[in-house]
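So the chains spell out like this:
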Amino acid sequence: MNKISSSGHRFRNKVLIPENPSNSSPLATRYARVRAMTKQLIVPMTAEDCALQSMPDASPAKWHLAHTSWFFETFILERFLNNYRSFHPAYRVLFNSYYNLVGDKHPRAQRGLISRPNLTEVLAYRDHVDEQMATLFEKLPSEGAQFTELVELGVNHEQQHQELMLTDIKHLFSKNPLKPAYQSQWPLTVVRARKTRRIPIGGGIYQMGDMGIHFAFDNERPRHSVILRDFEIASHPVTHGDFLNFIEDGAYQRPELWLSMGWDIVQQQQWNAPQYWERDKDDWYTFTLHGMEKIDLHTPICHVSFFEADAYARWAGARLPTEAEWEVVASEIPVDGNFLESAVFHPLALRSDPPRPGLAQLFGDVWEWTHSSYAPYPGFRLARGPVGEYNGKFMCNQYVLRGGSCVTPKAHMRASYRNFFPPEARWQFSGLRLAWDAN
Ligand SMILES: [Fe+2]
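What you are looking at is a predicted structure, and each value in this text was computed from that prediction instead of being measured. Numbering of residues begins from 1 in every chain and follows the order in which that chain's sequence is written. Given that this is a predicted model, residues contribute local features only at a pLDDT of at least 70 and side-chain atom pairs are listed and counted only at 80 or more, while totals for whole chains, interfaces and linings are drawn from all residues. Heavy atoms from the whole structure form the basis of all side-chain values; hydrogens and water molecules are not counted.

Colleague: Can you help me understand the pairing of strand 11 (residues 399-402) in this one?
Modeller: A regular strand places its side chains on the two faces of the sheet in alternate fashion. Between buried and exposed lies partly exposed: a residue is buried under 20% and exposed over 50% of the maximum accessible area for its type, with that area taken using a 1.4 Å probe on protein chains only. Labels follow the DSSP assignment, with helices taken as runs of H or I lasting at least four residues and strands as runs of E lasting at least two, numbered in each case from the N terminus. Neither face of strand 11 is open: one carries Tyr-399 and Leu-401, the other Val-400 and Arg-402, and all of them are buried. Criterion used throughout: strands pair if DSSP finds at least two bridges between them. Judged from the three bridges that link them, strand 10 (residues 367-373) and strand 11 form a sheet pairing that is antiparallel. Along strand 11, the bridge assignment pairs Ser-373 with Tyr-399. Bridging between strand 11 and strand 12 (residues 419-421) involves three bridges; their strand directions are antiparallel. Looking at the pairing, Tyr-399 lines up with Phe-421 of strand 12.

Take a look at the structure:
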C-alpha cells in the first residue's frame, strides 16, 4: 500500500474546552461543560445555518440543541423535580426523536420545517433546562443512584449529538454551492508517509464488553467470553492514497469486488468515489469542514460506507476485522488521538511511528467499520421504561463501527464503545482498517 507518494500534512492541535463552571459537584461540572460545548459548536454558524435540514438522516443544528434539552427535561426534570413546569408543552412532541413510550413524534424528515421556535427561543429553552437542572443538582445527595445514572446517560447522549451536529453541518454545507467553511483556517503542515504493517495477534479465549468501572451504554454489556483464531491487523487505517489506488484499479466498475446489495447501490446512486469527493481534471478534492480541499493521500480515508470498506478489503486481499478482534487489540491501548477537542474536524496523517505494539490511530480520526452485525451480546437486557428504547431496538440491519472520529468528544470514547450505522451510510467520518486470517 501507499503506492502513491505525496507530501502529507498534519495539524497543530488547539484545545477546545469551555470555561470551568462554578458548581463544585463533579456531576454538575461535567453536565455544565458538556452543555457549554454543544453551544460552542454553533458559534461559527448563522441562525439560517442552524435551521436547515439537508436530508432525512441529518437534523438541523437547532433541532439537536433542543432535542438534547428535551432529553433532560423528559427523563429527569419531569420525574425528579416536584411541580416541574415544562418550557413549552408542544416541545414534548416536537423534539422527541424516537421514544414511542413517551408519545407522539414530529416526523424526522420534516425537522427542517420547524422555523418556529426560532434559534433564540431554542437557546432560551436550553437555559431553562439548565436552570432547573441546577436546582436538582443542589439536592443531588437526596436524589440517589437513578438520578445520577440518568444524568450520565443524558450527558453521554448530548456528546453523541455533538458529533451528529458536526456531521450534519458538514453535509448541509456540502450542498451549498458556495461551499462554506465551518472553520476557515486549514492549519496543516507536512508529514511523511507511514508504512502499514501487519500485526500478528494470537488466538484464544478473550473477554469483551464493558468492565463496569465507568459509564457505558447498555449495548456494551454484559462482558462476556469470545473465542478468536490467530489473526493479523493493520498497524494503520486505510488512507486516502490507498483508496485512490483502489479507485484507479476500477473499484466502482468491478462487480466481483462488491456484496450484492452494495453493487446495487453503486449502480443506483452512481457512486464513483467516497462521499464529498469531486474530481477537477487530474486531481481529486473533498469537502471538509474547512471547505473544499485537495485530498491528502496520507490521511485516513473517511466517508465510506460499509459496502465500500468491504469492497476495498476484498480488493486488498484482506477483510474487515470483527468487533471482538478490534476490541481485543484496542483494550491494550490508551484512548488518545485526534478527537473533537483538537478542533481539527478532519482526520490527520500520523505525526510519528506508533509505539509498541505498533497499532496507530485506533482511537479518533475515523470510525472503523467492522464486519460484525450490530446485535445484542449474550445476556443483554433492555433497561426498563422509555430509556430502554435508546439502543436495543436498533439491533437489526446495521454494522458496528469502533474507535471514534475527529468529531467525537474524547471523554465519550472507550475500547468497548459500539457505534452502529446501516451499511450504506457514509455521511459519518467512517473509514476502515484491514485484517487478515493468519496463515
Ligand atoms: Fe437523541
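Now, onward.
Colleague: Any chance you could explain the pattern of salt bridges here in plain terms?
Modeller: Two side chains bearing opposite charge may form a pair once their charged atoms approach each other closely. Counted as salt bridges are all cases of a side-chain nitrogen of Lys or Arg within 4 Å of a carboxyl oxygen of Asp or Glu. Across all of its chains, the model carries 22 salt bridges by this definition. A salt bridge links Arg-254 to Asp-249; the shortest N-O distance between them is 2.9 Å. For the salt bridge of Arg-319 with Glu-325, the shortest nitrogen-to-oxygen distance reads 2.9 Å. Relative accessible area serves as the criterion here: at 6%, Glu-325 is assigned to the buried category.

Colleague: Please explain the packing of helix 1 (residues 26-40) against helix 3 (residues 61-80) as it appears in this structure.
Modeller: Helices that pack against each other are described as a pair by the angle of their axes relative to one another and the distance between those axes. All axes are obtained by fitting lines to C-alpha atoms, using only the stretch in contact for helices, and the reported angles, taken between N-to-C directions, cover 0 to 180 degrees. Close contact between helix 1 and helix 3 brings their axes to 11 Å; oriented N to C, the two are set at 160°. The angle between helix 1 and helix 3 places the two elements in the roughly antiparallel class. Crossing of helix 1 against helix 3: the hand is left-handed. Judged by residue contacts, Tyr-31, Arg-35 and Thr-38 of helix 1 engage Leu-65, Thr-68, Ser-69 and Phe-72 from helix 3. Amino acids outside the nonpolar list (Ala, Val, Leu, Ile, Met, Phe, Trp, Tyr, Cys, Pro) and the charged list (Asp, Glu, Lys, Arg) are all regarded as polar, and Gly is one of them. Partitioned by chemical class, the residues of the contact of helix 1 with helix 3 number three nonpolar, three polar and one charged. Oblique is the label for every angle not falling under 35 degrees (roughly parallel), over 145 degrees (roughly antiparallel), or within 65 to 115 degrees (roughly perpendicular). The crossing is said to be left-handed when, going from far helix to near helix, the turn is anticlockwise and less than a right angle, and right-handed when the turn is clockwise. Residue contacts follow a heavy-atom distance rule, with two residues in contact if any of their heavy atoms lie within 4.5 Å.

Colleague: What is the right way to read the environment of Glu-138 from this model?
Modeller: Along the chain, Glu-138 falls in helix 5 (residues 119-138). As for Glu-138 and Ala-28, which are separated by 110 residues in sequence, their C-alpha atoms are 9.0 Å apart.

Colleague: Explanation requested: the nonpolar core in the structure shown.
Modeller: One broad trend across soluble globular proteins is that nonpolar side chains are buried collectively. Judged by nonpolar contacts, the single largest core of 122 residues is most densely connected at Ile-76, Met-133, Tyr-182, Phe-363, Leu-432 and Leu-434. Element by element, the count of residues in this core is highest for helix 3, at eleven residues. Setting aside chain neighbours within four positions, we find Tyr-182 in contact with Leu-41, Pro-44, Met-45, Leu-166, Ile-169, Phe-173, Leu-289 and Phe-345. Core analysis: the second largest hydrophobic core is formed by five residues, Tyr-374, Phe-380, Val-400 and Phe-420 among them. Side-chain atoms within 4.5 Å are what join buried Ala, Val, Leu, Ile, Met, Phe, Trp, Tyr and Cys residues into a set we call a nonpolar core.

Colleague: I keep staring at the sheet that holds strand 12 and nothing clicks. Help me out?
Modeller: Each strand in a sheet pairs with its neighbour through backbone hydrogen bonds, running either in the same direction (parallel) or in the opposite one (antiparallel). Strand order in the open sheet made by the four strands is 12-11-10-13, with mixed pairing throughout. Two strands in the sheet have a free side with no partner beyond their single neighbour: strand 12 and strand 13 (430-431). Relative to strand 13, strand 10 runs parallel, the two sharing two bridges. Along strand 13, the bridge assignment pairs Glu-368 with Gly-431. The sheet contacts of helix 9 (residues 306-315) involve strand 10 and strand 11, and relative to strand 10 the element is tilted by about 85°.

Colleague: Got a minute to help me understand the sheet that holds strand 3 (residues 198-201) in this structure?
Modeller: The sheet built from three strands is open, its strands ordered 3-6-14 with antiparallel pairing. Every interior strand has two partners, whereas the edge strands, strand 3 and strand 14 (435-437), have only one. The mean inter-strand angle of the sheet, taken between neighbouring strand axes irrespective of direction, is 25°. Alignment of strand 6 (residues 231-234) against strand 14, held across three bridges, turns out to be antiparallel. Looking across to strand 14, one finds that Glu-232 is bridged to Trp-436.

Colleague: Just checking my understanding: could you explain the packing of aromatic side chains for this structure?
Modeller: Any pair of aromatic rings gets described here by the distance separating the centres and the angle formed by the planes. Within 6.5 Å between ring centres, the rings of Phe, Tyr and Trp (the latter by its six-membered ring) count as paired, and their orientation is classed by plane angle as stacked under 30 degrees, edge-to-face over 60, tilted in between. In the structure shown here, the tally under the stated rule is 37 aromatic pairs. Ring centres of Phe-80 and Phe-147 lie 5.4 Å apart, and the angle between their planes is 75°; on these two criteria the pair is classed as edge-to-face. Of this pair, Phe-80 sits in helix 3 while Phe-147 sits in helix 6 (residues 140-174); the two residues are 67 residues apart in sequence, bridging distant segments of the chain. For Phe-80, a relative accessible area of 11% gives the class buried. Taken together, a centroid distance of 4.9 Å and an interplanar angle of 70° make the contact between Tyr-91 and Tyr-125 edge-to-face. Placement of Tyr-91 in helix 4 (residues 91-94) and of Tyr-125 in helix 5 is noted, with a sequence separation of 34 residues between them.

Colleague: I keep staring at the packing of helix 3 against helix 5 and nothing clicks. Help me out?
Modeller: Between helix 3 and helix 5, the shortest axis-to-axis distance is 9 Å and the interhelical angle comes to 30°. With respect to their mutual orientation, helix 3 and helix 5 come out roughly parallel. As for the relative orientation of helix 3 and helix 5, their crossing is left-handed in sense. Taking contact as the criterion, the partners of Lys-62, Leu-65, Ala-66, Thr-68, Ser-69, Trp-70, Phe-72, Glu-73, Ile-76, Leu-77 and Phe-80 in helix 3 are, on helix 5, Leu-119, Val-122, Leu-123, Tyr-125, Arg-126, His-128, Val-129, Gln-132, Met-133 and Leu-136. Its residues assigned to classes, the contact of helix 3 with helix 5 comprises 14 nonpolar, four polar and three charged.

Colleague: Would you mind showing me how to read unusual backbone geometry here?
Modeller: Each neighbour pair has its own omega, and for Arg-116 with Pro-117 the value is 5°, a cis peptide bond. For Pro-117, the position within the fold is in the loop between helix 4 and helix 5. Of note, the amide linkage connecting Arg-221 to Pro-222 takes the cis form, showing an omega dihedral of -5°. Within the secondary structure, Pro-222 sits in the loop between strand 4 (204-208) and strand 5 (224-228). Despite not being glycine, His-303 has its phi angle at roughly 65°, a positive value. By the element assignment, His-303 lies in the loop between strand 9 (291-294) and helix 9.

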